[in-house]
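Descriptive structure summary
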Amino acid sequence: GGTFVNAFTSEDMTCYFEALPANKLELWFWAEADRIQNRVFREFYSERDVVYEERRRSVESTATGPFEIAFDSMFWESSPYGWPVLGWPSDITCVTKAQADDYYSLYYAPQNLTAILVGDFDPKQALALAEKYLGAIPPGTRPVPQMITGENKSLAEKRMNAEAETNPAVDIRWHTVAYVHRDGPALDVLEGILNGPTGRLQKNLVLGDGVASSASAGSDQRKYEGAFSLSAECKEGHAPDEVERALCAQIEKLQKEPVSEDELQKVRNRYLASNYRQLATYQQLMFRSARAEGQGSWR
């Protein structure tokens, strides 16, 4: 009876997920424990080729994909976040079955695992089943190495100019803080001030005689470090340097003038409404908990 069966990998975690009837919880624990302890990489090399094609389709075959990967690796100069999640093409073509087994044994050991359950079940029964099936798996014998290479302090502005078969666009990015940092909520509020149909970017860069056809801001706080970005696509007749000046003007205004209480309250209201709507679905609850625990703590 399982549905919604899939997985994703981000810079900080891999997440497997599925939906199932509440009366099949023990079956899920049994099957999951067996998959973790007795994994079999069937048709490893043919599957490796599938991953290579997936990367080619999602990166190389798009107008801006290769440039986005190059921009990331330039932005993250020393941090491991400069590596693409899917790897570089040579990584995929050269990885061996032995290397995959070694990687799995190190990182997918039970002490590195978090199980997140959302839905109609008895928590005491679920904990007992977790102990019975997952608790019986021997822990890994090697500790996961700690991430010790952080991002160097930026010494100068870095620029990348690229030509692609697409509308002209501008991306600006700053280094910020990790997911659990006390400034994280302030960056979320800043994103809300700039974004949305009534946000500053829409009002000042897109509407009326604005210079952009679209514009957005994004705060990306990861486990170890973060980034804040502004992006805009040039409106016909306007050049990238003109759009860049307009984006920077919005940041300069924020630096010089306090945000009004009315504008702050509007952002808070939107944030609360969005979070309340997310509580209505088990998928959103699950993904929110997974991200929080993977990058810091569910608390």
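Notes on the structure follow. (Residues numbered from 1 in each chain as written. Predicted model: local features only at pLDDT ≥ 70, side-chain atom pairs only at ≥ 80, totals over all residues. Heavy atoms only, no water.)

Moving on to the nonpolar core. Where a protein is soluble and globular, its nonpolar side chains tend to be buried together. Formed by 24 residues in total, the largest nonpolar core has its most connected members in Leu194, Leu201, Leu205, Leu230, Val243 and Leu247. Of the residues forming this core, the biggest block, 5 residues, is contributed by helix H9 (residues 240-256). If sequence neighbours within four positions are ignored, Leu230 has contacts with Val170, Asp171, Ile172, Trp174, Leu194, Leu201, Ser216, Ala217, Leu247 and Ile251. Grouped together as the second largest cluster of nonpolar side chains are 11 residues, Leu25, Trp28, Ala33 and Leu129 included. (Core = buried A, V, L, I, M, F, W, Y, C linked by side-chain atoms within 4.5 Å. Buried < 20%, exposed > 50% of the residue type's maximum accessible area, 1.4 Å probe, protein only. Helix = DSSP H or I, 4+ residues; strand = E, 2+ residues; numbered from the N terminus. Contact = heavy atoms within 4.5 Å.)

Note that Gln221 resides in strand E4 (residues 212-221). There is a polar contact of 2.8 Å between the side chain of Gln221 and the side chain of Ser219. Other than its neighbours up to four places away in sequence, Gln221 contacts Val177, Ala178, Tyr179, Gly184, Leu187, Asp188, Gly226, Arg291 and Gln295. (Polar contact = N/O pair within 3.5 Å; in protein donor to acceptor, adjacent residues only side chain to side chain.)

Quick look at the packing of aromatic side chains now. One pass over the structure, following the stated rule, counts 13 aromatic pairs. Plain terms: the ring middles of Trp28 and Phe29 are 4.8 Å apart, the flat faces sit at 70° to each other, and that makes the pair edge-to-face. For the pair Trp28 and Phe29, a shared accessibility class is recorded, and that class is buried. In this structure, Arg35 packs its charged tip against the face of Tyr16, placed 4.4 Å from the ring centre. The ring of Tyr81 carries Arg222 above its face, with NZ or CZ at 5.0 Å from the centroid. (Phe/Tyr/Trp six-rings, centres within 6.5 Å; stacked < 30°, edge-to-face > 60°. Lys NZ or Arg CZ within 6 Å of the ring centre and 35° of its normal.)

Glancing now at the state of the cysteines. Taken as a whole and assessed by the stated rule, the structure comprises 0 disulfides. Of all cysteine sulfurs in the structure, the one in Cys234 sits closest to Cys248, which takes part in no disulfide; the separation is 13 Å. In this structure Cys248 comes out as partly exposed when scored by relative accessible area, which is 26%. (Disulfide = S-S within 2.5 Å.)

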